[in-house]
Amino acid sequence: MAAILEKNVQKYIDSMLPARDAVLREMERYAAKHEVPIVGPACARVLFQLARSIKAQRIFELGSAIGYSTLWLARAVGPKGTVFYTDSDPENAERAKGYLGRAGVLNRVRILVGDALKMLQSTEGEFDLIFNDVNKTQYPEVFRLAAPRLRSGGLLVTDNVLWSGRVAKVAGAKDASTRAIQQFNRQLYRSTDFFTTIIPLRDGLAVALKNSAIS
Ligand SMILES: C[S@@+](CC[C@H](N)C(=O)[O-])C[C@H]1O[C@@H](n2cnc3c(N)ncnc32)[C@H](O)[C@@H]1O
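Okay, so let's go over this structure. (Residues numbered from 1 in each chain as written. Predicted model: local features only at pLDDT ≥ 70, side-chain atom pairs only at ≥ 80, totals over all residues. Heavy atoms only, no water.)

1. Focus on the site of the ligand
Defined as follows: By convention in this text, a residue qualifies as near a molecule or strand provided that one of its non-hydrogen atoms is within 4 Å of it. Any pair of N or O atoms that falls within 3.5 Å is considered a polar contact. Within protein, one atom must be able to donate a hydrogen and the other to accept it, and sequence-neighbouring residues count only if both atoms are side-chain atoms. All accessible-area figures derive from a Shrake-Rupley calculation using a 1.4 Å probe, and residue coverage is judged against the displayed protein chains alone. Helix numbers and strand numbers start at the N terminus; a helix is a DSSP run of H or I with at least 4 residues, a strand a run of E with at least 2. Lys, Arg, Asp and Glu make up the charged group, whereas Ala, Val, Leu, Ile, Met, Phe, Trp, Tyr, Cys and Pro make up the nonpolar group; the residues left over, Gly among them, are polar.
The immediate surroundings of the ligand are formed by 21 residues, with Val39, Asp87, Ala116, Asp133 and Gln138 found nearest. The contact in question runs from an oxygen atom of the ligand to an N or O atom on the side chain of aspartate 87, over 2.8 Å. Take glutamine 138: an N or O atom from its side chain is 2.8 Å from a nitrogen atom of the ligand. Protein contacts shield 89% of the accessible area of the ligand, which totals 600 Å² for the unbound molecule. For the shell around the ligand, the elements supplying multiple residues, two or more each, are helix H4 (68-77) and helix H6 (116-122). Looking at the shell around the ligand, its residues break down into 9 nonpolar, 8 polar and 4 charged.

Below is the structure:
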(Lines give C-alpha, C1' and ligand atoms only; values in the text may rest on other atoms or scores of the structure.)
Protein backbone atom coordinates (compact mmCIF):
# COMPACT_ATOMS: atom_id res chain seq x y z
CA MET A 1 0.00 0.00 0.00
CA ALA A 2 1.51 3.35 -1.04
CA ALA A 3 1.34 5.94 1.72
CA ILE A 4 -0.93 8.96 1.28
CA LEU A 5 1.08 11.09 3.68
CA GLU A 6 4.75 11.84 3.15
CA LYS A 7 6.82 9.12 4.81
CA ASN A 8 8.39 11.44 7.37
CA VAL A 9 4.98 12.88 8.31
CA GLN A 10 3.56 9.39 8.79
CA LYS A 11 6.62 8.49 10.84
CA TYR A 12 6.13 11.60 12.97
CA ILE A 13 2.46 10.72 13.64
CA ASP A 14 3.42 7.14 14.51
CA SER A 15 6.13 8.37 16.88
CA MET A 16 3.50 10.32 18.84
CA LEU A 17 1.27 7.29 19.47
CA PRO A 18 1.22 6.04 23.04
CA ALA A 19 2.37 2.44 23.54
CA ARG A 20 -0.35 -0.15 23.17
CA ASP A 21 -1.00 -2.98 25.62
CA ALA A 22 0.41 -6.47 25.13
CA VAL A 23 -2.60 -7.88 23.24
CA LEU A 24 -2.76 -5.03 20.71
CA ARG A 25 1.01 -5.21 20.24
CA GLU A 26 0.80 -8.93 19.56
CA MET A 27 -2.00 -8.37 17.03
CA GLU A 28 0.06 -5.67 15.29
CA ARG A 29 3.06 -8.02 15.12
CA TYR A 30 0.92 -10.88 13.76
CA ALA A 31 -0.69 -8.59 11.16
CA ALA A 32 2.69 -7.30 9.99
CA LYS A 33 4.17 -10.81 9.75
CA HIS A 34 1.17 -12.33 7.95
CA GLU A 35 0.19 -9.25 5.92
CA VAL A 36 -3.24 -8.87 7.48
CA PRO A 37 -4.46 -5.41 6.38
CA ILE A 38 -5.51 -3.98 9.75
CA VAL A 39 -6.30 -0.27 10.17
CA GLY A 40 -3.28 0.21 12.42
CA PRO A 41 -3.06 2.26 15.62
CA ALA A 42 -3.37 5.80 14.19
CA CYS A 43 -6.70 5.07 12.46
CA ALA A 44 -7.88 2.78 15.25
CA ARG A 45 -7.55 5.72 17.63
CA VAL A 46 -9.85 7.73 15.35
CA LEU A 47 -12.39 4.89 15.51
CA PHE A 48 -12.17 4.84 19.29
CA GLN A 49 -12.47 8.64 19.48
CA LEU A 50 -15.48 8.77 17.16
CA ALA A 51 -17.29 5.96 18.97
CA ARG A 52 -16.67 7.61 22.34
CA SER A 53 -17.72 11.07 21.01
CA ILE A 54 -21.18 9.83 20.10
CA LYS A 55 -21.39 7.49 23.13
CA ALA A 56 -21.80 4.53 20.79
CA GLN A 57 -23.26 1.43 22.40
CA ARG A 58 -24.12 -0.65 19.35
CA ILE A 59 -21.55 -0.99 16.59
CA PHE A 60 -21.58 -3.16 13.47
CA GLU A 61 -18.27 -3.89 11.78
CA LEU A 62 -18.11 -5.19 8.21
CA GLY A 63 -14.81 -7.03 7.75
CA SER A 64 -13.04 -7.64 11.06
CA ALA A 65 -10.16 -10.03 10.21
CA ILE A 66 -8.23 -10.86 13.41
CA GLY A 67 -10.30 -8.41 15.47
CA TYR A 68 -7.84 -5.52 15.79
CA SER A 69 -10.32 -2.73 15.00
CA THR A 70 -12.95 -4.76 16.88
CA LEU A 71 -10.88 -4.59 20.05
CA TRP A 72 -10.55 -0.79 19.85
CA LEU A 73 -14.29 -0.47 19.21
CA ALA A 74 -15.14 -2.91 22.03
CA ARG A 75 -13.09 -0.80 24.42
CA ALA A 76 -14.85 2.33 23.15
CA VAL A 77 -18.37 1.00 23.86
CA GLY A 78 -17.47 -0.13 27.38
CA PRO A 79 -18.87 -3.12 29.30
CA LYS A 80 -22.54 -2.44 28.46
CA GLY A 81 -22.02 -1.98 24.71
CA THR A 82 -22.05 -4.46 21.84
CA VAL A 83 -19.83 -4.77 18.79
CA PHE A 84 -20.80 -7.12 15.97
CA TYR A 85 -17.66 -8.72 14.49
CA THR A 86 -18.01 -10.13 10.96
CA ASP A 87 -15.62 -12.02 8.73
CA SER A 88 -16.00 -14.67 6.07
CA ASP A 89 -12.90 -16.55 7.26
CA PRO A 90 -13.52 -18.88 10.26
CA GLU A 91 -9.78 -18.99 11.05
CA ASN A 92 -9.74 -15.21 11.44
CA ALA A 93 -12.74 -15.46 13.74
CA GLU A 94 -11.03 -18.09 15.95
CA ARG A 95 -7.91 -15.95 16.21
CA ALA A 96 -10.00 -12.86 16.98
CA LYS A 97 -11.84 -14.77 19.73
CA GLY A 98 -8.52 -15.60 21.35
CA TYR A 99 -7.29 -12.00 21.33
CA LEU A 100 -10.63 -10.51 22.42
CA GLY A 101 -10.90 -13.07 25.22
CA ARG A 102 -7.41 -12.28 26.48
CA ALA A 103 -8.23 -8.56 26.33
CA GLY A 104 -11.31 -9.22 28.49
CA VAL A 105 -13.89 -7.87 26.02
CA LEU A 106 -15.22 -11.02 24.34
CA ASN A 107 -18.51 -10.77 26.26
CA ARG A 108 -19.30 -7.48 24.49
CA VAL A 109 -18.53 -8.83 21.00
CA ARG A 110 -20.85 -10.99 18.86
CA ILE A 111 -18.76 -13.05 16.48
CA LEU A 112 -20.53 -13.60 13.14
CA VAL A 113 -18.86 -15.72 10.46
CA GLY A 114 -20.05 -15.44 6.86
CA ASP A 115 -20.91 -12.66 4.44
CA ALA A 116 -20.85 -9.36 6.34
CA LEU A 117 -23.47 -7.69 4.14
CA LYS A 118 -25.91 -10.58 4.60
CA MET A 119 -25.29 -10.55 8.35
CA LEU A 120 -25.94 -6.83 8.53
CA GLN A 121 -29.30 -7.51 6.89
CA SER A 122 -30.14 -10.35 9.28
CA THR A 123 -29.14 -8.46 12.44
CA GLU A 124 -32.03 -6.45 13.79
CA GLY A 125 -32.03 -2.94 15.18
CA GLU A 126 -30.27 0.38 14.64
CA PHE A 127 -26.57 1.05 15.10
CA ASP A 128 -24.70 4.04 16.47
CA LEU A 129 -21.70 3.38 14.28
CA ILE A 130 -21.01 1.12 11.32
CA PHE A 131 -17.39 0.48 10.38
CA ASN A 132 -16.92 -0.66 6.79
CA ASP A 133 -13.74 -2.52 5.85
CA VAL A 134 -14.90 -5.30 3.47
CA ASN A 135 -13.92 -6.04 -0.13
CA LYS A 136 -13.70 -2.71 -1.91
CA THR A 137 -15.94 -3.75 -4.81
CA GLN A 138 -18.76 -4.11 -2.26
CA TYR A 139 -18.59 -0.52 -1.01
CA PRO A 140 -21.49 0.87 -3.11
CA GLU A 141 -23.71 -1.96 -1.86
CA VAL A 142 -22.54 -1.32 1.71
CA PHE A 143 -23.68 2.29 1.37
CA ARG A 144 -27.12 1.15 0.24
CA LEU A 145 -27.47 -1.36 3.11
CA ALA A 146 -25.77 0.53 5.93
CA ALA A 147 -27.21 4.03 5.51
CA PRO A 148 -30.76 3.16 6.63
CA ARG A 149 -29.43 1.10 9.58
CA LEU A 150 -27.79 4.01 11.39
CA ARG A 151 -29.58 6.11 13.95
CA SER A 152 -29.83 9.83 13.40
CA GLY A 153 -26.48 11.25 14.54
CA GLY A 154 -24.81 7.90 13.87
CA LEU A 155 -21.59 7.43 11.93
CA LEU A 156 -20.65 5.43 8.87
CA VAL A 157 -16.86 5.10 8.97
CA THR A 158 -15.00 3.51 6.06
CA ASP A 159 -11.38 2.52 5.56
CA ASN A 160 -9.26 2.69 2.37
CA VAL A 161 -11.31 5.38 0.64
CA LEU A 162 -8.18 6.89 -0.95
CA TRP A 163 -6.89 3.45 -2.05
CA SER A 164 -3.21 4.45 -2.19
CA GLY A 165 -4.24 7.58 -4.11
CA ARG A 166 -5.67 5.59 -7.03
CA VAL A 167 -9.12 7.18 -6.57
CA ALA A 168 -7.60 10.53 -7.55
CA LYS A 169 -6.76 9.38 -11.07
CA VAL A 170 -9.79 11.04 -12.53
CA ALA A 171 -10.58 9.37 -15.83
CA GLY A 172 -11.54 5.72 -16.32
CA ALA A 173 -9.94 3.75 -13.53
CA LYS A 174 -9.45 0.23 -14.84
CA ASP A 175 -9.67 -1.86 -11.71
CA ALA A 176 -13.02 -2.66 -10.16
CA SER A 177 -11.98 -1.77 -6.60
CA THR A 178 -10.91 1.77 -7.53
CA ARG A 179 -14.10 2.34 -9.49
CA ALA A 180 -16.23 1.04 -6.63
CA ILE A 181 -14.49 3.25 -4.06
CA GLN A 182 -14.87 6.28 -6.35
CA GLN A 183 -18.58 5.51 -6.63
CA PHE A 184 -18.86 5.04 -2.86
CA ASN A 185 -17.15 8.37 -2.14
CA ARG A 186 -19.56 10.10 -4.54
CA GLN A 187 -22.51 8.38 -2.81
CA LEU A 188 -21.32 9.68 0.55
CA TYR A 189 -20.64 13.26 -0.53
CA ARG A 190 -23.78 13.60 -2.64
CA SER A 191 -26.12 12.14 -0.06
CA THR A 192 -28.25 14.72 1.68
CA ASP A 193 -28.53 12.27 4.60
CA PHE A 194 -24.82 12.44 5.44
CA PHE A 195 -22.18 15.03 6.18
CA THR A 196 -18.89 13.48 5.05
CA THR A 197 -15.19 14.12 5.49
CA ILE A 198 -12.28 12.06 4.23
CA ILE A 199 -9.41 12.03 6.69
CA PRO A 200 -6.20 11.43 4.70
CA LEU A 201 -4.64 9.27 7.38
CA ARG A 202 -2.96 6.01 6.30
CA ASP A 203 -5.13 4.89 3.31
CA GLY A 204 -7.96 7.38 3.84
CA LEU A 205 -10.77 7.13 6.37
CA ALA A 206 -14.24 8.46 5.42
CA VAL A 207 -16.33 9.70 8.31
CA ALA A 208 -20.00 10.30 7.46
CA LEU A 209 -22.40 11.70 10.04
CA LYS A 210 -26.07 10.86 9.47
CA ASN A 211 -28.76 13.54 9.43
CA SER A 212 -26.68 16.61 10.01
CA ALA A 213 -27.70 18.82 7.08
CA ILE A 214 -26.54 22.42 7.41
CA SER A 215 -29.47 24.72 8.11
C1 LIG B 1 -9.12 -5.14 5.67
S2 LIG B 1 -9.46 -6.61 6.52
C3 LIG B 1 -10.24 -6.05 8.00
C4 LIG B 1 -9.30 -5.45 8.99
C5 LIG B 1 -9.95 -5.05 10.28
N6 LIG B 1 -11.09 -4.17 10.06
C7 LIG B 1 -8.96 -4.31 11.14
O8 LIG B 1 -8.67 -3.15 10.82
O9 LIG B 1 -8.45 -4.88 12.10
C10 LIG B 1 -10.85 -7.17 5.62
C11 LIG B 1 -11.42 -8.47 6.14
O12 LIG B 1 -12.74 -8.54 5.67
C13 LIG B 1 -13.04 -9.84 5.26
N14 LIG B 1 -14.07 -9.66 4.24
C15 LIG B 1 -13.99 -9.00 3.07
N16 LIG B 1 -15.19 -8.96 2.46
C17 LIG B 1 -16.04 -9.61 3.28
C18 LIG B 1 -17.43 -9.89 3.23
N19 LIG B 1 -18.19 -9.52 2.22
N20 LIG B 1 -17.98 -10.57 4.27
C21 LIG B 1 -17.23 -10.97 5.32
N22 LIG B 1 -15.92 -10.72 5.42
C23 LIG B 1 -15.33 -10.05 4.41
C24 LIG B 1 -11.75 -10.46 4.80
O25 LIG B 1 -11.76 -11.84 5.08
C26 LIG B 1 -10.73 -9.72 5.67
O27 LIG B 1 -10.37 -10.49 6.79
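2. Examining the side chain of asparagine 160
Selection criterion: In this scheme, a residue with accessible area under 20% of its type's maximum is buried, one over 50% is exposed, and one in between is partly exposed, where area comes from a 1.4 Å probe on protein chains only. The criterion used for residue contact is that any of the two residues' heavy atoms lie within 4.5 Å.
When you line up the elements, asparagine 160 lands in the loop between strand E5 (150-159) and helix H8 (176-190). Judged by relative accessible area, which is 7%, asparagine 160 ranks as buried. Setting aside residues no more than four positions away along its own chain, asparagine 160 makes contact with Met1, Asp133, Lys136, Tyr139, Ile181, Arg202, Asp203 and Gly204.

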